[in-house]
Amino acid sequence: MSMNLMQQVVMICMVILGTMITRFLPFLIFTSDRPTPKYVQFLGKLLPSAALGMLVIYCLKDVSLFTGNHAIPELISIMVVILLHLWKRQMLISIAGGTIFYMILIQLIF
Amino acid sequence: MEKRNKIKKAFGAAFPHTIPIFAGFTFLGIAYGIYMNVSGFSPMYPALMSLTIFAGSVEFVAVNLLLGAFNPLNALIITLMINSRHLFYGISMLDKYKGTGLKKFYLIFGMCDESFSINYTANIPRDVDKGWFMFFVTMLNHLYWFFGATIGGVFGSLVKFNTNGLEFVMTALFVVIFLEQWMKETTHHSALIGLGLSLLCLILFGGENFIIPSMLMILGTLTLMKKPLEKVGVYECQ
């Protein structure tokens, strides 16, 4: 390993600092004692749905549509999760069912 | 005594929500621990890093940073880029984390993808203390991640069970949470904007670089649609 312990600690602290900046910044800018600007309130109301959508795509960031399995196992398994959830509406059944289905798909078929 | 009951009740309400995360984080944590192990780091590294950083994807990247050249500024910039999505979570949680006292500091510290999505969407029963509920969701997630990372770091090379594909548990979790939010809301403009623009950016920019353009496009589109959205009553000014 090329870095010494002190340098490693500095690098890790940078990662901690970066993570904390992204988490604390909105709370530091829009503190409780001042009223939150209308535009930010608007964002606070609409952003969550968009952020959750972005998170779904974020999970698929290492899957390629154009090479390999063309994301087919992922797309089928997501359909399974959605169908299970619409049918039973039990979070754990949908998640466990979809995951086991995906594992079978990529271990035995693809 | 009453306070103890309140805390107990919040724990009981929070725990079931975190069970999928237990599965996901134990697995991903173990994977991360193994990765550190085979990269030549002692188990102390994944154990301490999972406690102090608590942001899955960036911790995998941190392994590469530690193996590369000593460049703190580079490490900071990469971390800011990967974790920029937390800014969206923060803006969304401004109100929810209000009035949680000292716990607020920890809630923000531990606001990973999973803590955010559960704490934002969970229907917390009326008689359960919201602050403690969100505190336990965050703390349990933190513990699972630490537990997995440490196990992986210590027993790394001994895992024999074919776990290929288990990482899909996180995708499934977010699909379910997205679906729950979808069923709760009356209009789906924002959800479709988030899903569509992120997918577009993923195709255009690739997995490494799509987050920032996605966020900018989502912000821009929502801003442009502020007036028309207000008209259809999606958002009312207080």
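Residues numbered from 1 in each chain as written. Chains lettered and ligands numbered in written order. Predicted model: local features only at pLDDT ≥ 70, side-chain atom pairs only at ≥ 80, totals over all residues.

## Re the overall build of chain A
In step 1: Check the secondary structure of chain A and you find four helices and zero strands.
In step 2: Tracing chain A from N to C terminus, the helices and strands come up as α-α-α-α.
In step 3: Dimensions of chain A, computed from C-alpha atoms along their principal axes, come out at roughly 50 × 50 × 30 Å.
In step 4: Per-residue burial for chain A yields a buried fraction of 36% across its 110 residues. (Helix = DSSP H or I, 4+ residues; strand = E, 2+ residues; numbered from the N terminus. Buried ≥ 20, exposed ≤ 12 C-beta atoms within 10 Å, placed from the backbone.)

## Examining the overall build of chain B
In step 1: Regarding its fold elements, chain B presents twelve helices and zero strands.
In step 2: In sequence order, the secondary structure elements of chain B are arranged as α-α-α-α-α-α-α-α-α-α-α-α.
In step 3: On C-alpha atoms alone, chain B measures out to a radius of gyration of 19 Å, which is about the 18 Å that the 2.2 N^0.38 rule sets for 238 residues.
In step 4: Structurally, chain B occupies a C-alpha span of about 60 × 55 × 35 Å along its principal axes.
In step 5: Burial statistics for chain B: of 238 residues in total, 44% are counted as buried.
In step 6: Within chain B, contacts between residues separated by at least 24 positions form 78% of all contacts whose residues are at least 6 apart in sequence. (Rg over C-alpha atoms; globule rule 2.2 N^0.38 Å. Contact = placed C-beta atoms within 7 Å.)

## Structural notes on helix α4 (residues 91-109) of chain A
In step 1: End to end, α4 of chain A covers 26 Å across 19 residues, agreeing with the expected 27 Å (1.5 Å per residue, within 8%).
In step 2: Along α4 of chain A, the residues that are buried comprise Ser94, Ile95, Gly97, Gly98, Thr99, Tyr102 and Met103 of chain A.
In step 3: As for α4 of chain A, its buried residues are in contact with α3 (72-88) of chain A together with α1 (2-38) and α9 (168-184) of chain B. (Expected span 1.5 Å × (residues − 1).)

## Here we look at the interface of chain B and chain A
In step 1: In this complex, chain B contributes 71 residues to the contact, which on the side of chain A involves 61 residues.
In step 2: Broken down by element, the residue count for the side of chain B that touches chain A peaks at 13 residues, all from α9 of chain B.
In step 3: Tallied by class, residues from the side of chain B that touches chain A come to 46 nonpolar, 19 polar and six charged. (Nonpolar A, V, L, I, M, F, W, Y, C, P; charged D, E, K, R; others polar.)

## Brief notes about the domain arrangement of chain A
In step 1: Domain assignment breaks chain A into domain 1 (1-59) and domain 2 (60-110).
In step 2: Spacing between the C-alpha centres of domain 1 of chain A and domain 2 of chain A amounts to 29 Å. (Domains from an automatic or database assignment.)

## Observations regarding the domain arrangement of chain B
In step 1: Assigned domains within chain B: domain 1 (2-166) and domain 2 (185-227).
In step 2: The straight-line distance from the C-alpha centre of domain 1 of chain B to that of domain 2 of chain B is 25 Å.

## Some words on the packing of helix α2 (residues 38-59) of chain A against α9 of chain B
In step 1: Contact geometry for α2 of chain A and α9 of chain B: axes closest at 9 Å, N-to-C directions at 155°. Classed by the angle they form, the pair α2 of chain A and α9 of chain B counts as roughly antiparallel. For the element pair α2 of chain A and α9 of chain B, the recorded crossing hand is left-handed. Residue-level contacts link Ser49, Leu52, Gly53, Leu55, Val56 and Cys59 of chain A of α2 of chain A to Met170, Thr171, Phe174, Val175, Ile177, Phe178 and Gln181 of chain B of α9 of chain B. (Axes fitted to C-alpha atoms, helices over the stretch in contact; angles between N-to-C directions. Parallel < 35°, antiparallel > 145°, perpendicular 65-115°, else oblique. Left-handed = near helix turned anticlockwise from the far one by under 90°.)

## So, the nonpolar core
In step 1: Judged by nonpolar contacts, the single largest core of 94 residues is most densely connected at Ala50 of chain A together with Val169 and Val175 of chain B.
In step 2: Apart from the residues within four sequence positions on either side, alanine 50 of chain A is in contact with Ser190, Ala191, Ile193, Gly194, Ile218 and Leu222 of chain B. (Core = buried A, V, L, I, M, F, W, Y, C linked by C-beta atoms within 7 Å.)

## Some points on the environment of methionine 6 of chain A
Residues and elements named next belong to chain A.
In step 1: Note on placement: methionine 6 falls in helix α1 (residues 5-29).
In step 2: Residue classification places methionine 6 among the exposed residues on the basis of 9 C-beta atoms within 10 Å.
In step 3: With 42 residues separating them in the primary sequence, methionine 6 and proline 48 have C-alpha atoms 39 Å apart.

## Digging into helix α5 (residues 85-93) of chain B
In step 1: With eight of its nine residues buried, α5 of chain B lies for the most part within the structure.
In step 2: Looking only at α5 of chain B, the buried set comprises Arg85, His86, Phe88, Tyr89, Gly90, Ile91, Ser92 and Met93 of chain B.
In step 3: Where α5 of chain B is buried, its residues contact α1 and α2 of chain A together with α7 (113-121) and α11 (211-224) of chain B.

## Comments concerning the environment of threonine 100 of chain B
Residue and element names in this part refer to chain B.
In step 1: Along the chain, threonine 100 turns up in the loop between α5 and α6 (103-109).
In step 2: When the C-alpha positions of threonine 100 and isoleucine 218 are compared, they lie 29 Å apart, and in sequence the two are 118 residues distant.
In step 3: Excluding anything up to four places from it in sequence, threonine 100 contacts Leu107 and Gly131.

## Quick word on the confidence of the model for chain A
A low pLDDT means the predicted coordinates there should not be read in detail.
In step 1: Looking at chain A, pLDDT values average 90 and 99% of them are 70 or higher.
In step 2: Per-element confidence in chain A ranges from a low mean pLDDT of 90 for α2 of chain A to a high of 96 for α3 of chain A. (pLDDT = per-residue confidence, 0-100.)

## Overview of the packing of α2 of chain A against α5 of chain B
In step 1: The contact between α2 of chain A and α5 of chain B brings their axes to 8 Å, and the two run at 130°. The angle between α2 of chain A and α5 of chain B places the two elements in the oblique class. As α2 of chain A packs across α5 of chain B, the resulting crossing turns out to be left-handed. Only Arg85, Phe88, Tyr89, Ile91 and Ser92 of chain B of α5 of chain B make contact with α2 of chain A, whose side of the interface consists of Val40, Leu43, Gly44, Leu47, Pro48, Ala51 and Met54 of chain A.
In step 2: By residue class, the composition of the contact of α2 of chain A with α5 of chain B is nine nonpolar, two polar and one charged.

## Things to note about unusual backbone geometry
Residues and elements named next belong to chain A.
In step 1: Backbone geometry places histidine 70, a non-glycine residue, at a positive phi of 55°.
In step 2: With respect to the helices and strands, the residue histidine 70 is situated in the loop between α2 and α3.
In step 3: By the C-beta count within 10 Å, which is 12 here, histidine 70 ends up exposed.
In step 4: The phi torsion at arginine 89 lies on the positive side, around 55°, for a residue other than glycine.
In step 5: Along the chain, the position of arginine 89 falls in the loop between α3 and α4.
In step 6: Among the residues examined, arginine 89 registers 13 C-beta atoms within 10 Å and is labelled partly exposed.

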